[in-house]
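Examination of the molecular architecture
The lines below spell out each chain.
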Amino acid sequence: MEDLCIKNVNLQKSENLERHRTEGFSSSKTLVVRRGAPFRISLQLEGRPFNPKTDSLRIRVMLDHLYVIMPVTFSKKVSASHWKAYMDPVDLNLQNPSIFISSPASASVGCYRFELCVFSEDRQQKHAFGKFILLCNPWCREDTVYIPFEDLREEYVQNDSGLLFMGTAANLVSRPWSFDQYEPGVLEACLNLLQVSPQHQKNRRVDYLKRNNPVYISRVVSAMINCEDDQGVLKGNWSSNFKQGVHPSMWTGSGDILRQWAESGYRPVKYGQCWVFAAVMCTVMRVLGIPSRVVTNFNSAHDTNDNLVIEEYYTETGEKLGHSKDSIWNFHVWVECWMTRKDQGSGMDGWQVLDPTPQQRSGGVFCCGPAPVKAVRDQRIDQLYDIPFVYAEVNADVHTIIVSQGRVVSRSIDTQKVGSLICTKAVGFPRLQNITGDYKYIRSPTSTLTSRSSTLSDDSTLRRASSSRGVLVFLNLDKAPVAGEPISFSVKVVNKHSVAKMMKVHLNAQAKEYNSSPSDTFWEAHGVTQLAPMEVKVLQQQILPAQYEDVVGDDLINLAVVLEDMVSHERVLASEEFNIASPQLIIQMANADSIVLNEEQTATVSFTNPFSHPVSGVLTVAGAGLTQGKIHFRMLPLRPGGRVQQRITFIPSMVGTKMLQANLSLTNINSTVRGFKMVFVNKA
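The name recorded for the protein chain in an unreviewed UniProt entry is protein-glutamine gamma-glutamyltransferase, from Lates japonicus. For the record of the protein chain, the UniProt heading Cofactor (unreviewed entry) holds the text "Ca(2+)". Regarding the protein chain, the UniProt comment filed under Sequence similarities (unreviewed entry) reads as follows: "Belongs to the transglutaminase superfamily. Transglutaminase family."

Structure follows, in structure tokens:
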């Protein structure tokens, strides 16, 4: 009888990638599949065909030194909790038999090897080998990362681009970001991140066993995105000196960061800030198959002493001081991941907060979460992990204190400022989704229930107003500030006394970064105003572009007004922090509705200079699945009001919805101008 020999093992890559919704990873040399679902391999035999009566097959699947051995049966019945290998008895090709390998929905994430053994009647053994990468499976109901509805899976797992929201709640900035999970080298970098982690280095066997649990995986990744305790991906830098690396605002996607980290031998990439940490973690989690989204919390509190109080200090002329160890970031960005929390009992499943920005240690390591969003809303500090820290970020009170000659002369409390807006990108659309109600109970003005986060007044200007024994002051921007235009605002003063008042008026503007105290005053105005009994007076003011352009750039402005009663010396303050809306780059497509895979396309990027002086810079255009790397152009000085256009060509390499983004980094002003366009690439 002829020998049975295995000539080749075909991993049926195209079929399996489509079946497991991993087509984006087609550039990987290794087959990528998801747990809890079978994938097919086929054997090419030499000599005689396979004989089901006398021959048998056995498969050993290995994850490092962990392994499982299973016979290949003729039963298609699979188990969600066990490995299974079978041949379809209805469609059996004895010369080129197909074998289906099904992993449990709780299998560990990682790079597996398999060994296929054929036993014939004379006990001869023939061997063949292969390998595959196994990811979590949000399409599988038995998987702890299962998320219902296809549009959610497309957005939170498959989408390779998105928007990050920054600026202020009243003047949002939508920053495009390329998650790049399908770009060359990114999948491998994400898997290597697990291998480089301290948990894996300490005990490989235990780490592999625990990688079946998204709670464990997410804590490992949260710590590995920063480099404070390990060979993590990013080095944080909140100074103004970025000479040793890249300014955080210059990154446009995760791929460059993850590839640079891996290619450097796992040395931290310089530099990141909160939105970069969060966006890179979102990429890693989506690659691993865990539904993820980037979330922004506007007016995010960092409460260092756990008293749910943030103190802000001002001088008697409205200059904000940096006296407090606590702080409020104008915005802070973290990640939410979707998973079942079997470790926390019922009611804690769903979105979990994970924050890779190194702010506070959790279990001795700079990481945060997963904290169930439901536990944050209900202040369930008994739940894991880091509920009190996240709760304070969205719920702390703000105590505003005016000091004069070392003593406190005024104090006011704001219960609404912190966590004023919490948002993420909407599913399927390039716009904001407000999720504040997921984190805090929002009550109507007439509600008898109150909480730290309740809205107790229908006065929308409450946060910008303050009073002192009958004198009220309101600070209002006339409209959202736009680059190149004056900042127009009004100070409304209300005298509720039945006697006249003579008031000193101090106005002060300081530039500030989103996460720090303001710098020195760049604009101020002082005067005196007289108020008749019960009078309401409105004072109009402007800050001209020439007064703020060279100072502010992409930073924010802290604007404050202090009124001082010239008789009683009582003081009242109102303040507002805001950003200047940058101009937009406009991207236009020649044939936006007929973009086809592997066919050259044309786009035009245009920019109009709104500034009061000439600007020059470098234009960078990129798009995952659209361009091969980044395309750079130098822009010569452009006069105020001048317009410039740049034509680009590209050849799409992936089908589906893709983002083409452009960034113009200005060389003579601290500002980057951005734009993006969503395009749909059709099959040829």
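Still more to cover.
1. Some remarks on unusual backbone geometry
Note the cis peptide between Lys270 and Tyr271, where omega equals 10°. The residue Tyr271 is located in strand β13 (residues 269–272) in this model. Although it is not a glycine, Arg21 adopts a positive phi angle of roughly 55°. Inspection of the secondary structure puts Arg21 in the loop between α1 (13–19) and β2 (31–34). The backbone phi angle of Gln379 is positive, close to 55°, even though this residue is not glycine. Along the chain, Gln379 turns up in the loop between α9 (373–377) and α10 (387–395).

2. Some details on the sheet that holds strand β33 (residues 571–579)
As summarised here, the arrangement of the four strands in space is β30-β29-β32-β33, forming an open sheet in which the pairing is antiparallel. The open sheet has two edge strands with one neighbour each: β30 (521–531) and β33. Averaged over all neighbouring strand pairs, the angle between strand axes comes to 15°, with direction disregarded. Of the pairings in the sheet, the one linking strand β29 (residues 501–512) to β30 comprises 10 bridges and is antiparallel in character. The residue of β30 that forms the bridge with Asn508 is Glu524.

3. Thoughts on the environment of Arg211
Within the secondary structure, Arg211 is located in the loop between α5 (204–210) and α6 (214–225). Residue Arg211 is classed as buried on the basis of its relative accessible area of 2%. Sequence-wise, Arg211 and Cys136 are 75 residues apart; in three dimensions their C-alpha atoms are separated by 10.0 Å. The contact partners of Arg211, leaving out residues within four places of it in the chain, are Arg35, Ala107, Ser108, Val109, Gly110, Leu194, Gln195, His200, Tyr216 and Ile217. Within polar-contact distance, the side chain of Arg211 engages the side chain of His200 at 3.4 Å.

4. Side note on the UniProt feature "domain: Transglutaminase-like" (unreviewed entry) in the protein chain
Per the UniProt record, "domain: Transglutaminase-like" (unreviewed entry) is found at residues 266–358. End C-alpha atoms of residues 266–358 are separated by 18 Å, and the span's content is 15% helix alongside 45% strand.

5. Notes on α10
Counting buried positions along α10 gives eight out of nine residues, so the element sits mostly inside the fold. Those residues of α10 not exposed but buried are Ile387, Phe389, Val390, Tyr391, Ala392, Glu393, Val394 and Asn395.

6. What to know about the nonpolar core
Formed by 96 residues in total, the largest nonpolar core has its most connected members in Ile59, Ile99, Phe132, Val221 and Trp275. Looking at this core element by element, the count peaks at 12 residues for helix α8 (residues 274–287). Every residue in contact with Trp275, bar those within four places of it in the chain, is listed here: Leu164, Met166, Arg175, Trp177, Pro248, Ser249, Phe331, Val333 and Tyr514. Ranked by size, the runner-up nonpolar core spans 52 residues in total, among them Ala509, Ile648, Leu660 and Val679.

7. Section: the packing of helix α3 (residues 186–196) against helix α7 (residues 255–263)
For the pair α3 and α7, the least separation of the axes is 9 Å and the interaxial angle reads 55°. Taken together, α3 and α7 sit at an angle that is classed as oblique. For the pair α3 and α7, the sense of crossing is left-handed. Counted together, Val186, Ala189, Cys190, Asn192, Leu193 and Val196 of α3 and Gly255, Leu258, Arg259, Trp261 and Ala262 of α7 form the full contact between these two elements.

8. Observations regarding the packing of aromatic side chains
With the rule as written, the count across this model stands at 19 aromatic pairs. Taken together, the aromatic side chains of Trp238, Trp275, Phe277, Trp329, Phe331 and Tyr514 make up a single cluster linked through ring pairs. Over the face of the ring belonging to Phe179 we find Arg286, whose NZ or CZ atom lies 4.5 Å from the ring centre. When the ring centre of Phe474 is taken as reference, the NZ or CZ atom of Lys492 above it lies at 5.5 Å.

9. Regarding the state of the cysteines
As used here, a disulfide is simply a covalent bond connecting the sulfur atoms of two cysteines. Taken as a whole, this structure holds zero disulfides when the rule is applied. Of the cysteine sulfurs around Cys227, a residue in no disulfide, the closest is that of Cys367, at 14 Å. The exposure class of Cys227 is buried, given its relative accessible area of 14%. Left unpaired, Cys368 is separated from the closest cysteine sulfur, that of Cys367, by 7.4 Å.

10. Some remarks on the sheet that holds β2
Taken together, the nine strands give an open sheet; going across it, the order is β1-β3-β7-β6-β5-β4-β8-β9-β2, and neighbouring strands pair in mixed fashion. Two strands bound the open sheet, and with one partner strand each, they are β1 (4–10) and β2. Looking at each pair of strands side by side, their axes are set apart by 30° on average, direction ignored.

Here is what the cut-offs are and how they apply
Residues numbered from 1 in each chain as written. Predicted model: local features only at pLDDT ≥ 70, side-chain atom pairs only at ≥ 80, totals over all residues. Heavy atoms only, no water. UniProt positions renumbered as here; feature names shortened; annotations may be inferred. Helix = DSSP H or I, 4+ residues; strand = E, 2+ residues; numbered from the N terminus. Pairing = 2+ DSSP bridges. Axes fitted to C-alpha atoms, helices over the stretch in contact; angles between N-to-C directions. Buried < 20%, exposed > 50% of the residue type's maximum accessible area, 1.4 Å probe, protein only. Contact = heavy atoms within 4.5 Å. Polar contact = N/O pair within 3.5 Å; in protein donor to acceptor, adjacent residues only side chain to side chain. Core = buried A, V, L, I, M, F, W, Y, C linked by side-chain atoms within 4.5 Å. Parallel < 35°, antiparallel > 145°, perpendicular 65-115°, else oblique. Left-handed = near helix turned anticlockwise from the far one by under 90°. Phe/Tyr/Trp six-rings, centres within 6.5 Å; stacked < 30°, edge-to-face > 60°. Lys NZ or Arg CZ within 6 Å of the ring centre and 35° of its normal. Disulfide = S-S within 2.5 Å.

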